[in-house]
Amino acid sequence: MVTSLPLPEFETIPLDASDSIEYLTAITDVHYGASFKSENNEYSPKIAQERFEYLACRLIDFVQTKKIKKLHIAILGDVLQGLLRLNDLKINESSVVKATVEISRIIATFLRELSKYTHVEYYHVPTANHTQMRVLNTTANQLADEDLEYVISNYIKDLSNGNERINIHLADENKQYVEIPIFDYDIVAMHGHQIKNVETAIKDLSLIRKSFIDYMILGHFHTGKELPSYEGVCHDAEILICPSFVGSDPYSDSLMKGTKAAVKIYGFSDIYGHTETHKIILN
């Protein structure tokens, strides 16, 4: 039986906060378990935990400065480094099983700290590539349901049980994305490894769903981009690609590419949609 985390000492949430804009913090590609040192970045499970602690402090300051009553948090997948290939055995500091438990508790504790100051609406994508369990010599996506994102998200939900300031939203069993209701916008979040053509991703998924998507939030690409897709009456429909939590590594150095480890906060106006982007650099 999973024992939930003890409740924190809650702070009073300001009553005069504005309801005309809501904020979504997108966290992706944590790759917990990995340990390496690259040209401009160093990473390990200990550093990952320190980054979550630092991120919590920055978000608490953001919440208090802007008097936010409700903060949306989305985890976009690749929470673990996993074991996609033999090379991962050299990168991982511990077993994948142990890393699964550790990162679940780190994220649940991170949400608990935020809940002291605001209501937290938490979303977790159901599938990614690094968290897939490719057993019996299976290839990518061949056993797509065997994904540790499911275990991690449900463990976080159990650990947060009893905290009325945290609402956990998980994806429907038959979907590869999670829906994020902000005002009347149709927002979907997914890891992004399923996407063949990023520029047409909103159109392609809208056709499958038979409803128009306003915003698609993606991880996987380890860099931040904002791509307009089409124009609405008062807002642009956009694909928002988020930078990685892990940052650059020896592989990205070999390609002479890479970006800072970072998290983005997107602000959505009730009239004009996505109008703000804030970047928190972690390394």
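Before reading on, note that the structure itself is shown above.
Residues numbered from 1 in each chain as written. Predicted model: local features only at pLDDT ≥ 70, side-chain atom pairs only at ≥ 80, totals over all residues. Heavy atoms only, no water.

Student: Account for the overall build of the protein, naming residues and giving values.
Tutor: Tallying secondary structure elements over the protein gives 6 helices and 13 strands in all. A compact globule built from 283 residues should have a C-alpha radius of gyration of about 19 Å, and the protein, at 18 Å, falls within 12% of that. Oriented by its inertia axes, the alpha-carbon framework of the protein measures out at about 50 × 45 × 40 Å. For the protein, the residues scored as buried account for 52% of the 283 residues in total. Within the protein, contacts between residues at least 6 apart in sequence are counted, and of these 70% link residues at least 24 apart. (Helix = DSSP H or I, 4+ residues; strand = E, 2+ residues; numbered from the N terminus. Rg over C-alpha atoms; globule rule 2.2 N^0.38 Å. Buried < 20%, exposed > 50% of the residue type's maximum accessible area, 1.4 Å probe, protein only. Contact = heavy atoms within 4.5 Å.)

Student: Explain empty space enclosed by the protein to me, and be specific about the residues and the numbers.
Tutor: The full count for this structure, using the stated rule, is 1 cavity of 30 Å³ or more. If you trace the largest cavity, you find it lined by Leu5, Pro6, Leu7, Ala108, Arg112, Leu159, Ser160, Asn161, Asn163 and Ile166. Considering only residue class, the lining of the largest cavity consists of 6 nonpolar, 3 polar and 1 charged. (1 Å grid on protein atoms, 1.4 Å probe; cavity = no way out; pocket = protein on both sides within 12 Å on 5 of 7 lines; lining within 4 Å. Points joined across faces, edges and corners; volume = space filled by probe spheres on them. Nonpolar A, V, L, I, M, F, W, Y, C, P; charged D, E, K, R; others polar.)

Student: Residue-level account of helix 1 (residues 45-66), with values.
Tutor: For helix 1, with 22 residues, the first-to-last C-alpha span of 31 Å sits near the 32 Å given by 1.5 Å per residue. Summarising the contacts, the buried residues of helix 1 are in contact with strand 1 (21-27), strand 3 (42-43), strand 4 (70-75), helix 3 (96-115), strand 12 (262-269) and strand 13 (273-281). (Expected span 1.5 Å × (residues − 1).)

Student: Report on the environment of phenylalanine 221, specifying residues and quantitative values.
Tutor: Within the fold, phenylalanine 221 resides in the loop between strand 9 (215-218) and strand 10 (225-231). In this structure, the C-alpha to C-alpha distance between phenylalanine 221 and histidine 119, residues 102 residues apart in sequence, is 29 Å. Those residues in contact with phenylalanine 221, other than ones at most four positions away along the chain, are Gly192, Val198 and Ile241.

Student: Can you break down the sheet that holds strand 4 residue by residue, with the values?
Tutor: As a general point, the strands of a sheet are linked pairwise by backbone hydrogen bonds and lie either parallel or antiparallel. One open sheet accounts for 6 strands, arranged 6-5-4-1-12-13; its pairing is mixed. At either end of the open sheet lies a strand with only one pairing partner, and these are strand 6 (166-170) and strand 13. Each strand of the sheet is rotated relative to its neighbour by a mean of 20°, with strand direction disregarded. Bridge count between strand 4 and strand 5 (residues 119-124): 6 bridges; the pairing is parallel. Each bridged residue has a counterpart across the sheet, and for isoleucine 73 the counterpart in strand 5 is tyrosine 122. (Pairing = 2+ DSSP bridges. Axes fitted to C-alpha atoms, helices over the stretch in contact; angles between N-to-C directions.)

Student: Can you lay out the pattern of salt bridges for me, pointing to particular residues and giving the numbers?
Tutor: Applying the stated criterion across every chain, the model contains 9 salt bridges. For glutamate 50, the salt bridge goes to lysine 46, with nearest N and O atoms at 2.5 Å. Taken together, the residues glutamate 50 and lysine 46, both in helix 1 and 4 residues apart, mark about one turn of the helix. Judged by relative accessible area, lysine 46 falls into the exposed class, the value being 55%. Members of the salt-bridge network, linked through shared partners, are Asp172, Lys175, Glu179, Asp186 and Arg209. (Salt bridge = Lys/Arg side-chain N within 4 Å of Asp/Glu carboxyl O.)

Student: Hey, could you go over the packing of helix 3 against helix 4 (residues 148-159) for me, with residue numbers and the actual values?
Tutor: With their axes 9 Å apart at the nearest point, helix 3 and helix 4 run at an angle of 40° to one another. In terms of orientation, helix 3 and helix 4 fall into the oblique class. When the axes of helix 3 and helix 4 are compared, the crossing they make is right-handed. Counted together, Val96, Thr100, Val101, Ile103, Ser104, Arg105, Ile107, Ala108 and Leu111 of helix 3 and Leu148, Val151, Ile152, Tyr155, Ile156 and Leu159 of helix 4 form the full contact between these two elements. Grouping the amino acids of the contact of helix 3 with helix 4 by side-chain chemistry returns 12 nonpolar, 2 polar and 1 charged. (Parallel < 35°, antiparallel > 145°, perpendicular 65-115°, else oblique. Left-handed = near helix turned anticlockwise from the far one by under 90°.)

Student: An account of the nonpolar core is requested, with residue identities and associated values reported.
Tutor: Generally speaking, a soluble globular protein has its nonpolar side chains buried in company with each other. Judged by nonpolar contacts, the single largest core of 50 residues is most densely connected at Ile27, Ile73, Ile103, Phe110 and Leu111. Of all elements in the fold, only strand 1, helix 1, strand 4, helix 3, strand 5, helix 4, strand 6 and strand 12 reach the threshold of two or more residues within this core. Listed in part, the 19 residues of the second largest apolar core include Ala26, Ile182, Leu240 and Phe268. (Core = buried A, V, L, I, M, F, W, Y, C linked by side-chain atoms within 4.5 Å.)

Student: Which residues make up unusual backbone geometry, and what values go with them?
Tutor: Phi at aspartate 78 takes a positive value of approximately 55°, unusual for a residue other than glycine. Of note, aspartate 78 is situated in the loop between strand 4 and helix 2 (88-91). In this structure, histidine 222 is a non-glycine residue whose phi angle is positive, near 60°. When you line up the elements, histidine 222 lands in the loop between strand 9 and strand 10.

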